[in-house]
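Observations on chain architecture
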Amino acid sequence: MLRGRSLSVTSLSGLPQWEVEELPVEDLLLFEVAWEVTNKVGGIYTVIQTKAKTTADEWGDNYFLIGPYFEHNMKTQVEQCEPINDAVRRAVDTMNKHGCQVTDHADAKHVIAQFHEWQAGTGLILSRARKLPIATIFTTHATLLGRYLCAANIDFYNHLDKFNIDKEAGERQIYHRYCMERASVHCAHVFTTVSEITAIEAEHVLKRKPDVVTPNGLNVKKFSAVHEFQNLHAMYKARIQDFVRGHFYGHLDFDLEKTLFLFIAGRYEFSNKGADIFLEALSRLNFLLRMHKSDVTVVVFFIMPAKTNNFNVETLKGQAVRKQLWDIAHSVKEKFGKKLYDALLRGEIPDMDKILDRDDITIMKRAIFSTQRQSLPPVTTHNMIDDSTDPILSTIRRIGLFNSRTDRVKVILHPEFLSSTSPLLPMDYEEFVRGCHLGVFPSYYEPWGYTPAECTVMGIPSVTSNLSGFGCFMQEHVADPTAYGIYIVDRRFRSPDDSCNQLTQFLYGFCKQSRRQRIIQRNRTERLSDLLDWRYLGRYYQHARYLTLSKVFPDKFHMEPTSPPTTEGFKYPRPSSVPPSPSGSQVSSPQGSDVEDEEDGRYNEEEEAERDRLNIKSPFSLGRVPRGNKKLHDEYKN
């Protein structure tokens, strides 16, 4: 009989010491079923896509993904092959005869099936109704009703225990979907969710406490050169600067070397994603920077897809003007360089009054004239279909952030996802993130939050909230999140106005940092990426699989119950070079120059990095059970 210890689902402290015998995956089949298998809709796609490699390394040919069949996704994301397993081959043949398109291959003695979200729940419910001998897991990444209620600006978390769930679902015409979601939760042998905050929500909304919390991870790419990510930041920042030069032509009276790029990205859920509180904080930040006569300019990008009918003509013109000026400058530079070169060959110091002729002066005057504009730089890059009712544009009008010369905060709404083929901002999302200084995601409803997690693994500081799974995860495992570039806004226990003031202080404090302080902070942020690697967080999925096997096949698999850990668990320590403060996660005022000098003097990158490396132990082995491992194999067979 197989035995293993339970894994703590609330602390990483259990990970390095986790002693569970590897599952005999050669005699098991693992299925994952989701609507977002090779079908990008939201964050679940990222979960499955990034976790696939780690899971395949562990399970090999016994791991299968099941998702919807879309021809365009098939051509770009799926490699067709014949099933290896006989039982699966027969199942595929039967489905094809009935008109189902089956292109993946996957039944052995024991089967684990994990279903993500209510769309996949039908298979789980029918499997239990037909008493199929499979171990089931249901994972919710966000509750249906929770998302709807939060989008309606309801005080969700303070009234969790007061909602009439059936009534609320019925009024929003999602009762049928809610029933399927709840039935899936209660039919599953093991119920999991992605964060502690969503676990609390699920217990009230779906009436079952999750058995395991499975935090979302990423495939972390490590560079051989320690500071390569810093070089990438500089390279992609220069490309964003080029866009800004074109967008603000005629109004480029601010220093791009003292300009910070901030962004928010994701689904256009104005309140859920925190765009409302972010815009209000930007208005207050603009006031502070102007009042203190700061020479720092902040350019903020909103990357949120909305309905448009084309690019904004003024925005396209800006990029055309920038390119024209670049070509003119390059042409004049060529002529200047040739004349200078010829003069030096003759042993002469060129007459600077004659090195540029009248034609050159005329060309440059025409170029300067072309940069004159009578209007302010646009706040959106596209023509919005619902311009008058758009929440972001309506708020911009209310707070008066119109990109005027006196504004220290400039706003640009880019209402479509980024693409390297765009004529405006030809950058992929990853390139754009690396070129920015800060990602801002003060979400009100965010079961996990991949956007700040992606910033972290790329070494870019970010703002999150304690109502997001990512924010709660970082609060638990990092002693001083702010020092590591993770600013956590309290949206759970503060009023909206207090939360907005806290966010404003975070942003203002970030603007007051020196360039060296930002470099130090990015180094620390990037070191947190190990916490988010599937090589570590994949253990929680292992635990859920073992737990469901022990419930369905107790004669073959058994887990000994263990008490919860008595300590708070693992935490990244506070960096020694950070001066003490009353609260590790809050910034009440910008750091002064004395503090800055003290921190810079005490900072040692190599010493800090080595201490942080010791905090994250070696990743667990993903090796499958060797065919020659007779002890475990025979024990399973018996």
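For the structure itself, consult the block above.
Described in the following lines is the structure provided in the data block. No experiment lies behind these values; they were computed from the predicted model shown.

**Here we look at the pairing of strand β6 (residues 190-193)**
Burial of the side chains of β6 extends over both faces: V190 and T192 are buried on one face and F191 and T193 on the other. Taken together, the four bridges between strand β5 (residues 134-140) and β6 define a ladder with parallel strand orientation. Each bridged residue has a counterpart across the sheet, and for T139 the counterpart in β6 is T192. Inspection of the sheet shows β6 paired to strand β7 (residues 212-213) by two bridges, in the parallel sense. Paired with T192 across the bridge in β7 is V212. On the question of chirality, the crossover connecting β6 to the parallel β7 by way of helix α8 (residues 196-205) is right-handed.

**Quick notes on the pattern of salt bridges**
Under the defined criterion, the tally for this structure stands at 31 salt bridges. Across the pair D57 and K53 runs a salt bridge, and its minimum N-O distance is 3.1 Å. Note that D57 and K53 are positioned in helix α1 (residues 43-59) at a spacing of four residues, about one turn of the helix. Its salt-bridge partner being R284, residue E280 comes within 3.7 Å of it at the nearest N-O pair. Taken together, the residues span about one helical turn, with E280 and R284 both in helix α10 (residues 275-291) at a distance of four residues. For E280, a relative accessible area of 21% corresponds to the partly exposed category. Taking relative accessible area as the criterion, R284 reaches 22% and is therefore assigned partly exposed. Sharing partners across several salt bridges, the network here consists of K167, E168, E171 and R172.

**Thoughts on the side chain of E181**
Relative to the assigned elements, E181 resides in helix α7 (residues 175-187). For the buried E181, no salt bridge is present, and the opposite-charge side chain at shortest range is R147, 8.8 Å distant. Discounting residues that sit within four places of it in the chain, E181 has contacts with W118, F138, T140, A142, T143, L144 and L206.

**Quick notes on the nonpolar core**
Membership of the largest hydrophobic core comes to 90 residues, with the highest contact counts inside it found for V244, L282, F301, F302, F432 and L507. Ignoring anything within four residues of it in the chain, the contact list for L282 reads V300, F302, L401, V409 and L507. Among the nonpolar cores identified, the runner-up in size contains 36 residues, and V92, F138, F163 and A169 belong to it.

**Some details on helix α18 (residues 515-527)**
The end-to-end C-alpha separation of α18 is 19 Å, in line with the 18 Å expected for 13 residues at 1.5 Å each. Of all 13 residues in α18, 10 are buried, a share of seventy percent or more. Along α18, the positions that sit buried rather than exposed are Q517, R518, I520, Q521, R522, N523, R524, T525, E526 and R527.

**Notes on the packing of aromatic side chains**
Across all of its chains, the model carries 22 aromatic pairs by this definition. Relative to F163, the ring of F156 lies with its centre 5.8 Å away and its plane at 25°, an arrangement referred to as stacked. Since its relative accessible area comes to 0%, F156 is described here as buried. Residue F163 is classed as buried on the basis of its relative accessible area of 16%. On the basis of an interplanar angle of 75° and a centroid distance of 5.6 Å, the ring pair of F263 and F432 is categorised as edge-to-face. With F263 in strand β8 (residues 259-265) and F432 in helix α14 (residues 429-435), this pair connects stretches of sequence that are 169 residues apart. Neither F263 nor F432 differs from the other in exposure class; each is buried. For K51, the ring lying beneath its charged end belongs to Y541, and the centroid distance is 4.6 Å. Across the ring face of Y249, the terminal group of R373 is positioned such that the distance to the ring centre comes to 4.0 Å.

**Considerations on the sheet that holds strand β13 (residues 438-440)**
Strands belonging to one sheet form pairs held by backbone hydrogen bonds; the direction of such a pair is parallel or antiparallel. Taken in spatial order, the six strands make up an open sheet running β12-β9-β8-β13-β14-β15, and their pairing is parallel. Two strands lie at the open edges of the sheet, namely β12 (409-414) and β15 (486-489), each paired on one side alone. Neighbouring strand axes in the sheet, compared pairwise and without regard to direction, differ in orientation by 25° on average. Here β13 pairs with strand β14 (residues 462-465) via two bridges, running parallel. Paired with V440 across the strands is V463, a residue of β14. Contacts from helix α17 (residues 496-511) reach β8, β9 (297-303), β13, β14 and β15 within the one sheet, and its direction differs from that of β15 by about 160°.

**Let's talk about the pairing of strand β4 (residues 110-116)**
In terms of burial, β4 is a largely internal element, seven of the seven residues being buried. Neither face of β4 is left uncovered, since the one carrying H110, I112, Q114 and H116 and the one carrying V111, A113 and F115 both have all their residues buried. Relative to β4, strand β2 (residues 28-33) is paired through six bridges, and the arrangement is parallel. Across the sheet, V33 pairs through a bridge with F115, a residue of β4. One ladder, built from six bridges, connects β4 with β5; its direction is parallel. Paired with A113 across the bridge in β5 is T136. Considered for its hand, the β-α-β crossover made up of β4, helix α4 (residues 121-129) and β5 is right-handed.

**What about the sheet that holds strand β3 (residues 63-66)?**
Strand order in this open sheet of six strands is β3-β2-β4-β5-β6-β7, and the pairing throughout is parallel. Strands with a single pairing partner mark the edges of an open sheet, and in this sheet they are β3 and β7. Across the sheet, α4 lies against β4 and β5, angled at about 145° from β5, the strand it touches most. Set on the sheet, α7 makes contact with β5 and β6; between it and β5 the angle comes to about 135°.

About the cut-offs
Residues numbered from 1 in each chain as written. Predicted model: local features only at pLDDT ≥ 70, side-chain atom pairs only at ≥ 80, totals over all residues. Heavy atoms only, no water. Buried < 20%, exposed > 50% of the residue type's maximum accessible area, 1.4 Å probe, protein only. Helix = DSSP H or I, 4+ residues; strand = E, 2+ residues; numbered from the N terminus. Pairing = 2+ DSSP bridges. Right-handed = clockwise from strand over helix to strand, strands pointing away. Salt bridge = Lys/Arg side-chain N within 4 Å of Asp/Glu carboxyl O. Lys, Arg positive; Asp, Glu negative; His and termini not counted. Contact = heavy atoms within 4.5 Å. Core = buried A, V, L, I, M, F, W, Y, C linked by side-chain atoms within 4.5 Å. Expected span 1.5 Å × (residues − 1). Phe/Tyr/Trp six-rings, centres within 6.5 Å; stacked < 30°, edge-to-face > 60°. Lys NZ or Arg CZ within 6 Å of the ring centre and 35° of its normal. Axes fitted to C-alpha atoms, helices over the stretch in contact; angles between N-to-C directions.

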